[in-house]
Amino acid sequence: MIAAQTALETKMLLRNGEQLLLTVVIPTLLLVLFSSVDIVDTGAGKAVDFLAPGILALAVMSTAFTGQAIATGFERRYGVLKRLAASPLPRWGLMTAKTASVLVTEVLQVILLTVIAFALGWSPHGNPATVLLLLVLGTAAFSGLGLLMAGTLKAEATLAAANLVFLLLLVGGGVIVPLEKFGTAGQQVLGLLPVSALSDGLRAVLQHGSGVPWGDLGVLAVWAVVGLAAAGKFFRWE
């Protein structure tokens, strides 16, 4: 049942033009544009080496947080979740299917963005296992926050809030603009955001070839635990 629901959730996501714009088109355009045109000072080295890890973090956020929050919020408004909750599929099974659908979509995103980044001259370093761990923890953190928002706010409020958060974190989350541009105090505060921790951790591994970024993993783990626990406690199915 979970596998069938996962396949359905994935098909619905891939058929949704707005979701594809958010999860595929925007990250791809940002990667190509800012790698090709000298708009933002990304420091020494090729721009794509700085941008690719940040865009991967943005892709995770767009799918696990923004896309999932909006889709789940409207499913809740139209009574879809209420009907599914009454089906033989248990509620935890539905949430598992949604999470699995997010992971499938992210795999496709990562493959696409990696191919494009390589075409732009990207030269990644580091341990792939560490990158995978960062992506999984980032997915858990954003998924918990997305479900919390979808399960507590009205659908229209979720739509507005999720898109606003996406735009704010795109600018101030270290995805495209280095956190150093925001000063010492701003850097310390913004560095605690999940997208900042994810992009910084990925950049440390893929751009600089560092070991395990325990600090960034710790930030993501805290967000994941708090977000998922809060979503599990406060999520309303109706």
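The following paragraphs examine the structure supplied in this document. Here the structure is a predicted model, which is why all the values come from computation and not from measurement.

1. Observations concerning the overall build of the protein
Then comes step 1: Counting secondary structure elements, the protein contains 10 helices and 0 strands.
Then comes step 2: Element order for the protein, N to C, with α for helix and β for strand: α-α-α-α-α-α-α-α-α-α.
Then comes step 3: Its C-alpha radius of gyration of 18 Å places the protein within 12% of the 18 Å reference for a compact globule of 238 residues.
Then comes step 4: A separation of at least 24 residues holds for 81% of the contacts in the protein among residues at least 6 apart in sequence.

2. Describing the pattern of salt bridges
Opposite charge on two side chains lets them pair, provided their charged atoms get close.
Then comes step 1: Tallying each qualifying case throughout the model produces 3 salt bridges.
Then comes step 2: The closest approach of N and O atoms between Lys98 and Glu9, which form a salt bridge, is 3.4 Å. Of the two residues, Lys98 sits in helix α5 (residues 91–119) while Glu9 sits in helix α1 (residues 2–15), which places them 89 residues apart along the sequence.
Then comes step 3: Taking relative accessible area as the criterion, Lys98 reaches 4% and is therefore assigned buried.
Then comes step 4: On the basis of relative accessibility, which here comes to 9%, the residue Glu9 falls in the buried class.
Then comes step 5: As a salt-bridge pair, Arg77 and Glu156 come within 2.4 Å of each other at their nearest N and O atoms. Taken as a pair, Arg77 in helix α3 (residues 47–77) and Glu156 in helix α7 (residues 155–172) lie far apart in primary sequence, 79 residues in all.

3. Here's the deal with the layout of surface pockets
Then comes step 1: Computed from the structure, the largest pocket encloses a volume of approximately 480 Å³.
Then comes step 2: If you trace the largest pocket, you find 22 residues lining it, with Asn16, Gln19, Gly67, Ile70 and Ala71 closest to the centre.
Then comes step 3: Looking at the lining of the largest pocket, the elements with two or more residues in it are α1, α2 (17–36), α3, α5 and α7.
Then comes step 4: Considered class by class, the residues forming the lining of the largest pocket number 10 nonpolar, 8 polar and 4 charged.
Then comes step 5: The volume enclosed by the second largest pocket comes to roughly 390 Å³.
Then comes step 6: Breaking the lining of the second largest pocket down by element, the ones donating at least two residues are α3, α5 and α6 (128–152).
Then comes step 7: In terms of residue class, the lining of the second largest pocket is made up of 14 nonpolar, 5 polar and 1 charged.

4. So, helix α10 (residues 214–234)
Then comes step 1: For α10, built from 21 residues, the straight-helix expectation of 30 Å at 1.5 Å per residue is met to within 8% by its first-to-last C-alpha distance of 30 Å.
Then comes step 2: For α10, the elements touching its buried residues are α6 and α9 (194–206).

5. Here's the deal with the nonpolar core
Then comes step 1: Counting 46 residues, the largest nonpolar core has Leu31, Leu58, Met61, Phe142, Ile176, Leu198 and Leu202 as the members making the most contacts within it.
Then comes step 2: For this core, the secondary-structure elements that each account for two or more residues are α2, α3, α5, α6, α7, α9 and α10.
Then comes step 3: A per-element tally of this core places α3 first, with 15 residues.
Then comes step 4: If we skip the residues at most four places from it in the chain, Leu202 touches Pro53, Leu56, Ala57, Val131, Leu134, Leu135 and Gln207.

6. A closer look at the packing of aromatic side chains
Then comes step 1: Across all of its chains, the model carries 3 aromatic pairs by this definition.
Then comes step 2: Judged by centre distance (6.1 Å) and plane angle (35°), the rings of Phe74 and Tyr78 are tilted.
Then comes step 3: Ring geometry for Phe235 against Trp237: centres 5.4 Å apart, planes inclined by 70°, an arrangement best described as edge-to-face.
Then comes step 4: Across the ring face of Phe50, the terminal group of Arg203 is positioned such that the distance to the ring centre comes to 3.8 Å.

7. Considerations on the side chain of Lys98
Then comes step 1: Within polar-contact distance, the side chain of Lys98 engages the side chain of Glu75 at 2.7 Å.
Then comes step 2: Beyond its immediate chain neighbours, meaning those up to four positions away, Lys98 contacts Glu9, Gln68, Thr72, Glu75 and Leu81.

8. Overview of α2
Quick reminder: α-helices carry 3.6 residues per turn. Residues three or four places apart thus point the same way.
Then comes step 1: Helix geometry: α2 is bent most strongly at Val25, by close to 35°, with proline Pro27 lying one to four residues after it.
Then comes step 2: Within the span of α2, buried status applies to Gln19, Leu22, Thr23, Pro27, Thr28, Leu30, Leu31, Phe34 and Ser35.
Then comes step 3: On the buried face of α2, the contacting elements are α1, α3, α5 and α7.

9. As for the packing of α3 against α7
Then comes step 1: Packing of α3 against α7 leaves a shortest axis separation of 8 Å and a crossing angle of 170°. Comparing their axes, α7 and α3 come out roughly antiparallel. From α3, Leu58, Met61, Ser62, Phe65, Thr66, Ala69, Ile70, Gly73, Phe74 and Arg77 reach across to α7, where they touch Ala155, Glu156, Thr158, Leu159, Ala162, Asn163, Val165, Phe166, Leu169 and Leu170.
Then comes step 2: Its residues placed into classes, the contact of α3 with α7 shows 13 nonpolar, 5 polar and 2 charged.

Reading the values: the criteria
Residues numbered from 1 in each chain as written. Predicted model: local features only at pLDDT ≥ 70, side-chain atom pairs only at ≥ 80, totals over all residues. Heavy atoms only, no water. Helix = DSSP H or I, 4+ residues; strand = E, 2+ residues; numbered from the N terminus. Rg over C-alpha atoms; globule rule 2.2 N^0.38 Å. Contact = heavy atoms within 4.5 Å. Salt bridge = Lys/Arg side-chain N within 4 Å of Asp/Glu carboxyl O. Buried < 20%, exposed > 50% of the residue type's maximum accessible area, 1.4 Å probe, protein only. 1 Å grid on protein atoms, 1.4 Å probe; cavity = no way out; pocket = protein on both sides within 12 Å on 5 of 7 lines; lining within 4 Å. Points joined across faces, edges and corners; volume = space filled by probe spheres on them. Nonpolar A, V, L, I, M, F, W, Y, C, P; charged D, E, K, R; others polar. Expected span 1.5 Å × (residues − 1). Core = buried A, V, L, I, M, F, W, Y, C linked by side-chain atoms within 4.5 Å. Phe/Tyr/Trp six-rings, centres within 6.5 Å; stacked < 30°, edge-to-face > 60°. Lys NZ or Arg CZ within 6 Å of the ring centre and 35° of its normal. Polar contact = N/O pair within 3.5 Å; in protein donor to acceptor, adjacent residues only side chain to side chain. Bend = angle between axes of the 7 residues up to and from the residue. Axes fitted to C-alpha atoms, helices over the stretch in contact; angles between N-to-C directions. Parallel < 35°, antiparallel > 145°, perpendicular 65-115°, else oblique.

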